Amino acid sequence: MSAPEFSPPSSTLPAATAHAGAHVPAAEVRTPGAGLRQILRGPSGLGTAGLYPARNDKPPTPSMAPTPPTPPTSPTRPEPSSAPAEGNPIPGLYHHPVPEPDPVRVDAVSRGIKAWALEEVDLYPEDWEEEFDGFSVARYMVACHPDAPTVDHLMLAARLMVAENAVDDCYCEDHGGSPVGLGGRLLLAHTALDPLHTTREYQPRWAESLHADAPRRAYRSAMEYFLQQASPSQADRFRHDMSRLHMGYLAEAAWAQTDHVPEVWEYLAMRQFNNFRPCPTITDTVGGYELPADLHAQPAMQRVIALAGNATTIVNDLYSYTKELAAPGRHLNLPVVIAEREGADERAAYLKAVEVHNDLMRDFEAEAAALAAACPVPSVLRFLRGVAVWVDGNHYWHQTNTYRYSLPDFW
Ligand SMILES: CC(C)=CCC/C(C)=C(\C)COP(=O)(O)OP(=O)(O)O
Ligand SMILES: [Mg+2]
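The chain has the name Terpene synthase in an unreviewed UniProt entry, where Streptomyces demainii is given as its organism. Turning to the chain, the UniProt record has this under Catalytic activity (unreviewed entry): "(E)-2-methylgeranyl diphosphate + H2O = 2-methylisoborneol + diphosphate". The record held by UniProt for the chain lists under Sequence similarities (unreviewed entry) the comment "Belongs to the terpene synthase family. 2-methylisoborneol synthase subfamily."

Pasting the structure below:
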């Protein structure tokens, strides 16, 4: 596959600084008001018609129970399959069901990502193919980015997601990963995202090293594509988020090495870094627009992003609970840490973790609504909407990925 061509990102933003630092306390918007309704509905102005290519124009309904997906209507695409998604949501888990992702896009991204993995970065040996397919990255990314203008934009997210998981699997976890020596491996891989600037003598050895293993090949190539679409500040935002992620991996590894079980708040701090955050924060690049750096940096936006990332990551802890219990050794996740540190039995700890997730989700929505009301700039509203949709798509993927996850028998 050759590198895609893109038109430059378009931003319809008025002067950003007028809104920097705007903040309305979340307590004032706990019940869905105009701001929250606007986020759930999404932007409706000029240039936003392509935001929901696979959706009805109705706001999604929050749910604590399974709800059948709404069949999308699109005059230009074949009707997506009406077969219900596999897998059940966790009872009591606050989430928003999403429509089935557009099967035409899923198919295109599936083919594109497989070709990239095999032909461009030599990602995995043959016997990992079933696991690669079972990960269903195309369905994941199409569900999380319904406003991507093209399949090429979706491919940006899909390559990065695959590369991030290759690093986690090969350096940290299932496929030969280990806490021993992780810092050195992660730092060298990070230079595939944030390049080394050094002397002529040493530059070639570094450049060569980026082809030395699958995680580095994947990071290097995925970043190369990303840079073709991202602005310099979007690229820098991504690098910062990846530094956060790598710091989180290191804390998890350090605790594993000493068999330390952190307190619950300490675990939550680690998981705020070892977190999906780098995925929702590229929503504007994947959507073909830009949230300007000063609007991204304002504290209220940072809080919204952190809460969203934390909710999505605790979703992973809950859906991957049985997989991680079955793995050798002790794998930290929120229910395990609550059970250990608060003396709860497995079921009570799991149910408490569900409540922690639900509180994070509600805080995310309240803070996003407050920010939307305080700073109703089109790119801010669209970005908030993009993050919210990413949260929903991430839940959908975890719920429906029965190849990878299964629920405990607690109900
Ligand atoms: C895609 C991305 C940025 C991932 C970073 C962190 C990560 C691997 C997760 C949040 C997923 O958690 P975990 O390692 O527990 O994954 P599984 O439960 O094995 O799916
Ligand atoms: Mg997990």
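Picking up where we left off.
Caption draft 1: Region of the structure containing the nonpolar core. By size, the foremost hydrophobic cluster in this structure holds 107 residues, and its most contacted members are Trp116, Leu123, Tyr140, Met141, Phe364 and Val380. The dominant element in this core, judged by the number of residues it contributes, is helix H5 (residues 151-172), at 14 residues. Residues contacting phenylalanine 364, with those up to four places away along its chain left out, are Val304, Leu307, Ala308, Val387, Ala388 and Val391.

Caption draft 2: Layout of empty space enclosed by the protein. On inspection of all chains with the given rule, the structure shows eight cavities of 30 Å³ or more. Of the volumes computed, that of the largest cavity is approximately 250 Å³. Lining the largest cavity are 14 residues, with Leu123, Phe132, Asn165, Ala166 and Asp169 sitting closest to its centre. Listed by contribution, the elements that provide at least two residues to the lining of the largest cavity are helix H3 (129-135) and H5. Top contributing element to the lining of the largest cavity by residue count: H5, with five residues.

Caption draft 3: The site of ligand 1, seen in detail. In the vicinity of ligand 1 there are 19 residues, among which Asn316, Lys323, Glu324, Arg404 and Tyr405 approach most closely. Between an oxygen atom of ligand 1 and a side-chain N or O atom of arginine 404, the distance comes to 3.0 Å. Computed on the free molecule, ligand 1 has an accessible area of 510 Å², of which 98% lies beneath the protein chains in the complex. Within the residue set of the shell around ligand 1, elements represented by two or more residues are H5, helix H9 (232-257), helix H13 (299-319) and helix H14 (321-326). Examining the composition of the shell around ligand 1, we find that four residues originate from one element, H5, more than from any other. In terms of residue class, the shell around ligand 1 is built from six nonpolar, six polar and seven charged.

What counts and how
Along each chain, residue indices are assigned from 1 in the same order as the chain's sequence is written. As they are written, the chains are lettered A onward and the ligands numbered 1 onward, keeping that order. Residues qualify for local features only when their pLDDT is at least 70, as the model is predicted, and side-chain atom pairs are given and counted only at 80 or more; totals for whole chains, interfaces and linings, by contrast, use all residues. For the side-chain quantities, the full set of heavy atoms in the structure was used; hydrogens and water were omitted. UniProt positions are given in the numbering used here, feature names are shortened, and annotations may be inferred rather than shown by experiment. Think of a nonpolar core as a cluster: buried Ala, Val, Leu, Ile, Met, Phe, Trp, Tyr and Cys residues, connected wherever their side-chain atoms sit within 4.5 Å. For the exposure calls, accessible area comes from a 1.4 Å probe over protein chains only, and a residue counts as buried if that area is under 20% of its type's maximum, exposed if over 50%, partly exposed in between. Going along the chain from the N terminus, every DSSP run of H or I of four or more residues is numbered as a helix, and every run of E of two or more is numbered as a strand. What makes two residues a contact is simply this: any of their non-hydrogen atoms within 4.5 Å. Here the term cavity refers to a set of points on a 1 Å grid, laid over the protein atoms alone, in which a 1.4 Å probe fits but cannot get out; the term pocket refers to an open set having protein on both sides within 12 Å along at least five of seven lines, with lining residues being those that place an atom within 4 Å of a point. Grid points are joined across faces, edges and corners, and a volume is the space filled by probe spheres set on the points. It suffices for a single heavy atom of a residue to lie within 4 Å of a molecule or strand for the residue to be listed as near it. Pairs of N or O atoms within 3.5 Å make up the polar contacts considered here, provided that, within protein, one atom can donate a hydrogen while the other can accept it, and that residues adjacent in sequence are counted only when both atoms are side-chain atoms. Residue exposure ignores everything except the shown protein chains as possible cover, and the areas themselves are Shrake-Rupley values with a 1.4 Å probe. Classes in brief: Ala, Val, Leu, Ile, Met, Phe, Trp, Tyr, Cys and Pro nonpolar; Asp, Glu, Lys and Arg charged; the others, Gly included, polar.

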